[in-house]
Amino acid sequence: MARTDSVHLSDLFPSHDRRYHTCRIPALVTTMQGTILAFAEGRRGGGADDVPIDLLLRRSTDDGRSWSPAAIVVTDGDRTCGNPCPVVNRTSGEVLLLFCKDNQQMFMTRSTDEGASWDQPVDISADTRRPDWSYVGCGPGHGIQLRGGRLLVPAWVDESPGPVTWREPRAGWGKVQSSYAFYSDDDGYSWHTGQKLTHDATDECEAVEVGDRVYITLRSRHDRHKRGYAWSEDGGFSWTPVAFDDALPEQSCQGSVIGLGPSSVLIANAASTESRSMLTVRRSNDACRTWPMARVLYAGPAAYCDLTVAVSGEVLCLFEADDYTCLRLARFHPQWLDAGGHEEPR
């Protein structure tokens, strides 16, 4: 394990290892008993989004210092089992894993033993997507549970013109996409689809509860070069129009957000506007209004990421590093970020 300043770095999912060409799409959660679960896509036969994909899991019971070997949680022949989006149910202690098959169907599996074993996945597509949508994806990254018990899963929809079968040529793929969320009020036994956010403004997203509202951070579209955001006052069913934050630059890439306290929130994303690089963590102490504290976590090539907080209070960030050659874990104390003061990364 390497150490840079007060940040500890370790590689959890190397690409080109054993049967997987590429490991991508990180997702992290901390269970009620403190076990940290790290998920990833294991892509077989290539690095593209539509190759056969398995969902992989590593577990840590010591705040991310050591990890179990990677295990396959979901596999289905040559289908793409992707977009991992775990959410911890604090009411029951269960962990729910939402994911997609071929970006056509939405599935859920649950674990009652800290991720050691998982139930047979259940197809929840009828409740989590509209039939006229061409493609869908949950997260990727973690979902959340609101204080009232609602399980909320951020998601995205593709409505581009063209064929709707994954294996056919996707001539219109990626041309028209939007963000939305779906939710459950009965511990994940039934689900409901919320309203889309501003049409074709954003796609992949993550959410955090701040006070009595939900803040959602959004990957921007159409070369805006700054992250989108919106607010919900009804638990993620409807949202304010998407706005774009000058303080959160990006090229266009997934990012992560997590709460540290009533008004304290961390956000992480690849902050360069020229490339997927310069993974930066920012902190807001005024409920996501401003992001004055910022430090570069990794200056080199970096893309998708996900955040969780360990029982120790340390923050963990799992991210795609060095042109997708591995998923790397960074572990640091919030004080490391505070020491960065108001200096913006360059």
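A quick note: this is a predicted structure, and the numbers were derived from the prediction, not measured.

Student: It is not clear to me how the environment of Val-242 should be interpreted in this structure. Could you clarify?
Tutor: Among the structural elements, Val-242 can be located in the loop between β18 (226–232) and β19 (243–249). A relative accessible area of 13% places Val-242 in the buried class. Sequence spacing of Val-242 and Ala-201 is 41 residues, and the spatial spacing of their C-alpha atoms is 7.3 Å. Among all residues touching Val-242, those that are not within four sequence positions of it are Leu-197, Thr-198, Ala-201, Thr-202, Leu-218, Gly-228, Tyr-229 and Ala-230.

Student: I tried to follow the pattern of salt bridges on my own but got confused; where do I start?
Tutor: When the charged atoms of two side chains with opposite charge come close together, those side chains can pair. In the structure shown here, the tally under the stated rule is 22 salt bridges. For the salt bridge of Glu-94 with Arg-110, the shortest nitrogen-to-oxygen distance reads 2.6 Å. Of this pair, Glu-94 sits in the loop between β7 (81–88) and β8 (95–101) while Arg-110 sits in strand β9 (residues 105–111), and the two are 16 residues apart along the sequence. Summarising the burial analysis for this pair, Glu-94 and Arg-110 share the class buried. Across the pair Asp-203 and Arg-219 runs a salt bridge, and its minimum N-O distance is 3.5 Å. With Asp-203 in strand β16 (residues 202–210) and Arg-219 in strand β17 (residues 213–220), the pair connects residues that are 16 residues apart, well separated along the chain. For the pair Asp-203 and Arg-219, a shared accessibility class is recorded, and that class is buried. Among the charged side chains, a salt-bridge network with shared partners connects Asp-200, Asp-203, Glu-204, Arg-219 and Arg-221.

Student: How should I be thinking about the state of the cysteines in this particular structure?
Tutor: Among covalent bonds in proteins, the disulfide is the one between the sulfur atoms of two cysteines. Enumeration over the complete set of coordinates arrives at zero disulfides. Cysteine Cys-85 is unpaired, with the sulfur of Cys-138 as its nearest cysteine sulfur at 5.2 Å. Judged by its relative accessible area of 0%, Cys-85 falls in the buried class. Cysteine Cys-138 is unpaired, with the sulfur of Cys-100 as its nearest cysteine sulfur at 4.0 Å. Given a relative accessible area of 0%, Cys-138 falls into the buried group.

Student: What is the right way to look at the pairing of strand β13 (residues 151–158) in this model?
Tutor: Consecutive side chains of a regular strand alternate in pointing toward one face of the sheet and then the other. For β13, the buried fraction is high: eight of the eight residues fall into the buried class. By the alternation rule, side chains of β13 split into Leu-151, Val-153, Ala-155 and Val-157 and Leu-152, Pro-154, Trp-156 and Asp-158, which are all buried. Bridge count for strand β11 (residues 135–138) against β13 is four bridges, and the pairing is antiparallel. Looking across to β13, one finds that Val-136 is bridged to Val-157. Pairing of strand β12 (residues 144–145) with β13 involves two bridges; the strand directions are antiparallel. The residue of β13 that forms the bridge with Gln-145 is Leu-151. Where β12 hands over to β13, the hairpin turn is made up of five residues, of which Gly-149 adopts a positive phi near 105 degrees. Sheet topology places β13 next to strand β14 (residues 177–184); eight bridges connect them, and they run antiparallel. Along β14, the bridge assignment pairs Trp-156 with Ser-179.

Student: Is there a simple way to think about the side chain of Glu-94 in this case?
Tutor: Residue classification places Glu-94 among the buried residues on the basis of a relative accessible area of 12%. Leaving out residues up to four positions away in the same chain, Glu-94 has contacts with Val-87, Val-88, Asn-89, Arg-110, Ser-111, Thr-112 and Tyr-189.

Student: Help me understand the layout of surface pockets, please; the structure alone is not making it clear to me.
Tutor: If a probe as big as a water molecule is rolled over the atoms, it shows which places are left empty. Here the largest pocket defines a volume of roughly 680 Å³. Along its surface, the largest pocket is lined by 27 residues, and Arg-90, Ile-144, Gln-145, Ile-258 and Gly-259 are the ones closest to its centre. Counting residues per element, the ones that place at least two in the lining of the largest pocket are β3 (22–30), β7, β12, β16, β20 (256–259) and β23 (293–309). Examining the composition of the lining of the largest pocket, we find that four residues originate from one element, β16, more than from any other. Residue composition of the lining of the largest pocket, grouped by class: 15 nonpolar, nine polar and three charged. Roughly 510 Å³ of internal volume is contained in the second largest pocket. What lines the second largest pocket is a set of 29 residues, among which Asp-49, Gln-177, Glu-204, Arg-219 and Tyr-304 lie closest to the centre. The class makeup of the residues in the lining of the second largest pocket is seven nonpolar, ten polar and twelve charged.

What counts, and where the lines are drawn
Throughout, residues of each chain are indexed from 1 in the direction in which the sequence is written. Local features in a predicted model are, by the rule used here, given only for residues with pLDDT of at least 70; side-chain atom pairs are given and counted only at 80 or more, and totals for whole chains, interfaces and linings are based on all residues. The basis for every side-chain value is the complete set of heavy atoms in the structure, and neither hydrogens nor water enter the calculation. Secondary structure is summarised from DSSP: a helix means a run of H or I of at least four residues, a strand means a run of E of at least two, and numbering begins at the N terminus for each. A simple rule labels every residue: compare its accessible area, found with a 1.4 Å probe on the protein chains alone, to the largest value its type can have, and call it buried under 20%, exposed over 50%, or partly exposed in between. The contact definition used throughout considers only heavy atoms, calling two residues in contact when any of these lie within 4.5 Å. Salt bridge, as applied in this entry: a Lys or Arg side-chain nitrogen positioned within 4 Å of an Asp or Glu carboxyl oxygen. Count a disulfide wherever a pair of cysteine sulfur atoms falls within 2.5 Å. The rule for pairing is simple: two strands pair if DSSP sees at least two bridges between them. Only protein atoms enter the 1 Å grid, on which a cavity is a set of points fitting a 1.4 Å probe that cannot get out and a pocket is an open set with protein on both sides within 12 Å along at least 5 of 7 lines, lining residues being those with an atom within 4 Å of a point. Grid points are joined across faces, edges and corners, and a volume is the space filled by probe spheres set on the points. The residue classification treats Ala, Val, Leu, Ile, Met, Phe, Trp, Tyr, Cys and Pro as nonpolar and Asp, Glu, Lys and Arg as charged. All others, Gly included, are polar.

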